Amino acid sequence: MTVERVLPTPEARDLLDLVRDLIGKEVAPRVAAGESAGRFPREVFALLGGAGLLGLPYPEEHGGAAQPYEVYLQVVEELAAGWLAVGLGVSVHTLSCFPVAAYGTASQRAALLPEMLGGGSLGAYCLSEPHAGSDAAALSTRAVPGPEGYTVDGVKAWTTHGGVADFYTLMARTSPGGGRGVSCFHVPAGVEGLSFGAPERKMGLRSSPTAQVRLDGVRLAPEALLGAEGEGFRIALAALDGGRLGIAACAVGLAQAACDAAVAYAGERRQFGSRVADFQGIGFMLADMATQIAAARALYLDAARLRDAGRPYGTRAAMAKLFATDVCMKVATDAVQVFGGYGYVEDFPAERYLREAKVLQIVEGTNQIQRLVIGRALSRPGGGDPQGGLTTEGGSRTTG
Ligand SMILES: Cc1cc2nc3c(=O)[nH]c(=O)nc-3n(C[C@H](O)[C@H](O)[C@H](O)COP(=O)(O)OP(=O)(O)OC[C@H]3O[C@@H](n4cnc5c(N)ncnc54)[C@H](O)[C@@H]3O)c2cc1C
């Protein structure tokens, strides 16, 4: 089903048309073989970059497309419906560019952003560590300041695009003291002392490499520091507010793809002399799937419009991530049920959608952490985001 969208400008409509065309011609034909082989589709990212899709919500002066977040997210949704590894990859890249775009000095932005947003370069975001996941402020990778910059040692875990990215947005400790001792750095891929673990062998999302990033005496120039020393955790959380909306959009796209596949199958499959779609037990299931997806889409768009209006949106982003990814898991599970036995085998995409849906409840803050963020906001005086978002105020240690 082509999703009916309300877009703010004719330019945004043209953009969505271009994205749908690109998915039909370049993404959809590659997805089954790519996932089955677990091969990262770098050539697809090159195509997206060439089409200007790797810098959508950033200013034009540095190579971005100056699109509102509500438009950027709908592009991510369409891409994720075509191939989750691609939609999620665009979301992670966009997240990785945020610290330079929002906290970099004028000279850092001028030096780094054209390459990062220009389409030929891919980013990764390194916050999690083997022993610091939800409690990310407990991270132990160290960046020791010296006369010529910083020396970095440590291991980051679970890095999406680990080993294939061109730059790594790294959170490392410059002083003791939980989140307040963390700083944010820009690390180019070729730097000496940077190495990668073997890609994790995952349940799904196999064509998106996830790997440890190891830093062994990595020397960084003073200009690699983004924002002030000790500001890195706040930057990391601010980036995650936007990133969570990217994950919500991915979840809606994936759920839509699962629902579309189930609707098409139920319209063809016949039992007891009828299409299975005509059995109320199946028809009601499909109706609930479509309704939940529409609600999840409305919630992430609502959060995106708050962000576009310059309003605090962190709590709404947490709600959108929580709701959309739970909906995605339920829809993907029900899609397998609609397919019956054919949902359980690799000849149809339903089983892949189910395997892929699960990860969205875990990344960029598990859904327990989203509930924690929302619950804390509710118990604040006024019951909402402080200016800048709940998660960016240093009151929350937990992020994911
Ligand atoms: C495929 C994939 C890609 C990823 N990509 C990236 C990436 O690019 N960059 C990056 O930095 N990280 C990445 N991650 C890491 C991801 O963000 C973490 O896995 C996630 O934050 C959870 O951390 P953890 O796995 O250590 O689980 P833990 O924090 O150990 O949590 C274990 C369980 O305890 C629950 N829990 C923990 N604390 C609380 C609490 N206070 N209250 C209630 N429940 C709690 C959790 O919800 C979870 O169910 C990725 C992970 C995966 C699987």
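All values reported here derive from a predicted model rather than from experimental measurement.

## Things to note about the overall build of the protein
Right, on to step 1. Within the protein one finds ten helices and ten strands.
Right, on to step 2. Here the C-alpha atoms of the protein give a radius of gyration of 21 Å, agreeing with the 21 Å that 2.2 N^0.38 yields for 400 residues.
Right, on to step 3. For the protein, the proportion of its 400 residues judged to be buried stands at 54%.
Right, on to step 4. Across the protein, contacts joining residues at least 24 apart in sequence account for 73% of those joining residues at least 6 apart.
Right, on to step 5. Summing over all exposed atoms, the protein offers an accessible surface of approximately 16,200 Å²; the carbon and sulfur share of this is 55%.
Right, on to step 6. One finds the centroid of the 36 positive side-chain charges in the protein at a distance of 5 Å from the centroid of its 41 negative side-chain charges.

## Thoughts on a negative patch on the surface
Right, on to step 1. A cluster of acidic side chains, namely Glu 11, Asp 14, Asp 17 and Glu 60, defines a negative patch on the protein surface.
Right, on to step 2. One can find Asp 17 in helix H1 (residues 10–37).

## Concerning the pattern of salt bridges
Right, on to step 1. This structure, assessed with the given rule, holds 18 salt bridges.
Right, on to step 2. A salt bridge links Arg 305 to Glu 70, with the nearest nitrogen and oxygen atoms 2.9 Å apart. With Arg 305 in helix H7 (residues 280–308) and Glu 70 in helix H3 (residues 69–82), the pair connects residues that are 235 residues apart, well separated along the chain.
Right, on to step 3. For Glu 70, a relative accessible area of 10% gives the class buried.
Right, on to step 4. Across the pair Arg 234 and Glu 231 runs a salt bridge whose closest N-O atoms are separated by 2.9 Å.
Right, on to step 5. Arg 234 gets classed as partly exposed once you look at its relative accessible area, which sits at 38%.

## Focus: the domain arrangement of the protein
Right, on to step 1. Segmenting the protein into domains produces domain 1 (10–117), domain 2 (123–230) and domain 3 (233–383).
Right, on to step 2. Placing a centre on the C-alpha atoms of domain 1 and another on those of domain 2 gives a separation of 22 Å.
Right, on to step 3. Between domain 1 and domain 2, the contact holds 24 residues from the first and 21 residues from the second.
Right, on to step 4. In total, about 1,700 Å² of surface goes out of reach between domain 1 and domain 2, with carbon and sulfur atoms giving 66% of it.
Right, on to step 5. Its largest share of buried area at the contact with domain 2, domain 1 owes to Phe 40, Ser 96 and Gln 108, together 27% of the area lost on that side.

## Description of the site of the ligand
Right, on to step 1. As a structural note, the neighbourhood of the ligand is formed by 19 residues, with Ser 128, Ser 134, Trp 158, Thr 366 and Gln 368 the closest of them.
Right, on to step 2. The separation between a nitrogen atom of the ligand and a polar main-chain atom of Trp 158 is 2.8 Å.
Right, on to step 3. Protein chains bury 67% of the 980 Å² of accessible surface belonging to the ligand in isolation.
Right, on to step 4. For the shell around the ligand, the secondary structure elements donating two or more residues are strand E3 (149–160) and helix H10 (367–378).
Right, on to step 5. Classifying every residue of the shell around the ligand by side-chain character gives eight nonpolar, nine polar and two charged.
Right, on to step 6. Domain assignment of the residues forming the shell around the ligand places at least three in each of domain 2 (123–230) and domain 3 (233–383).

## Overview of helix H9 (residues 350–360)
Right, on to step 1. Buried within H9 we find Ala 350, Glu 351, Arg 352, Tyr 353, Glu 356, Ala 357 and Leu 360.
Right, on to step 2. Here the buried face of H9 lies against H1, helix H4 (84–103), helix H6 (232–268), helix H8 (314–339) and H10.

About the cut-offs
Residues numbered from 1 in each chain as written. Predicted model: local features only at pLDDT ≥ 70, side-chain atom pairs only at ≥ 80, totals over all residues. Heavy atoms only, no water. Helix = DSSP H or I, 4+ residues; strand = E, 2+ residues; numbered from the N terminus. Rg over C-alpha atoms; globule rule 2.2 N^0.38 Å. Buried < 20%, exposed > 50% of the residue type's maximum accessible area, 1.4 Å probe, protein only. Contact = heavy atoms within 4.5 Å. Areas by Shrake-Rupley, 256 points an atom, 1.4 Å probe, with all protein chains shown as cover. Lys, Arg positive; Asp, Glu negative; His and termini not counted. Charge placed at Lys NZ, Arg CZ, Asp CG, Glu CD. Patch = residues over 30% accessible without salt bridge, like charges linked within 9 Å, V, L, I, M, F, W, Y side chains within 5 Å. Salt bridge = Lys/Arg side-chain N within 4 Å of Asp/Glu carboxyl O. Domains from an automatic or database assignment. Buried area = accessible area lost by both parts, 1.4 Å probe. Near = heavy atom within 4 Å. Polar contact = N/O pair within 3.5 Å; in protein donor to acceptor, adjacent residues only side chain to side chain. Nonpolar A, V, L, I, M, F, W, Y, C, P; charged D, E, K, R; others polar.

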